[in-house]
Amino acid sequence: GTSGYDYLNLLNGLFVDAAMSMIESKIPAPTPAEQDAALAAAQRLMLANGLTAAADMGTWLWRIPTDGQTLGESLYRSMGLRLEDAVSKPDDFLRAVHPDDRARVRAEFERCLREGGGFNVEFRVAWPDGSLHWLRDQGKVFADRDGRPLFMTGAVHGHHRPQSRRGGITRV
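Residues numbered from 1 in each chain as written. Predicted model: local features only at pLDDT ≥ 70, side-chain atom pairs only at ≥ 80, totals over all residues. Heavy atoms only, no water.

Thoughts on helix α5 (residues 99-115)
Then comes step 1: Its 17 residues place the ends of α5 25 Å apart at the C-alpha level, agreeing with the 24 Å of an ideal helix rising 1.5 Å per residue.
Then comes step 2: Among all positions of α5, only Asp 101, Val 105, Glu 108, Phe 109 and Cys 112 are buried. For α5, the arc enclosing every buried residue in end-on projection is 95 degrees, short of the 170-degree limit, so these residues lie on one face. Away from the buried face of α5 by more than 90 degrees, exposed residues Pro 99, Ala 103, Arg 114 and Glu 115 are located.
Then comes step 3: Summarising the contacts, the buried residues of α5 are in contact with β1 (57-63), α4 (90-96), β3 (118-126), β4 (132-143) and β5 (149-158).
Then comes step 4: After α5 finishes, the residue Gly 116 shows a positive phi value of roughly 80 degrees. (Helix = DSSP H or I, 4+ residues; strand = E, 2+ residues; numbered from the N terminus. Expected span 1.5 Å × (residues − 1). Buried < 20%, exposed > 50% of the residue type's maximum accessible area, 1.4 Å probe, protein only. Arc of directions from axis to C-beta. Contact = heavy atoms within 4.5 Å.)

Put into structure tokens, the structure is as follows:
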């Protein structure tokens, strides 16, 4: 069968295509072709949302110039968050990462911003019931024509084998 990581790669591609199309569609007075592209992007995003729910994955988008972040509903569940929890900036996302993993995840995002390209990082999150869960975040930064970072997007896949806080931390 198809592995979770195959779905992760597929979803990341779909999400990036949809995000790029939506950003490009904000150009004033879109042509009919641009309107068709925006509709196709919305359809791909709907497909990606359905696949993320089926594969127990989540997606996120960070609009770098405004420092605004959007998380997909599935990602809230994967991270043990409630939909009403405020996660609108990267620092909010990082606060949900286990304190022992937070600096490493931040460093990987910063490296990606400096160097461009993609990232692939694993980290733990603590759910409200005290269980720890490993997640893998894979994504990419996209720049404008002048090379300035425009947005970063990622897809997160959870291992979802809970670990007790008291039982020691081992990688699953």
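Thoughts on the confidence of the model for the chain
Then comes step 1: Of the residues in the chain, 63% reach a pLDDT of 70 or more, and the chain-wide mean stands at 77.
Then comes step 2: When mean pLDDT is taken per element in the chain, α5 scores highest with 94 and helix α1 (residues 4-24) scores lowest with 57.
Then comes step 3: With pLDDT under 50 throughout, residues 164-172 is counted as low confidence; its partners more than four residues away or in other chains account for 15 contacts. (pLDDT = per-residue confidence, 0-100.)

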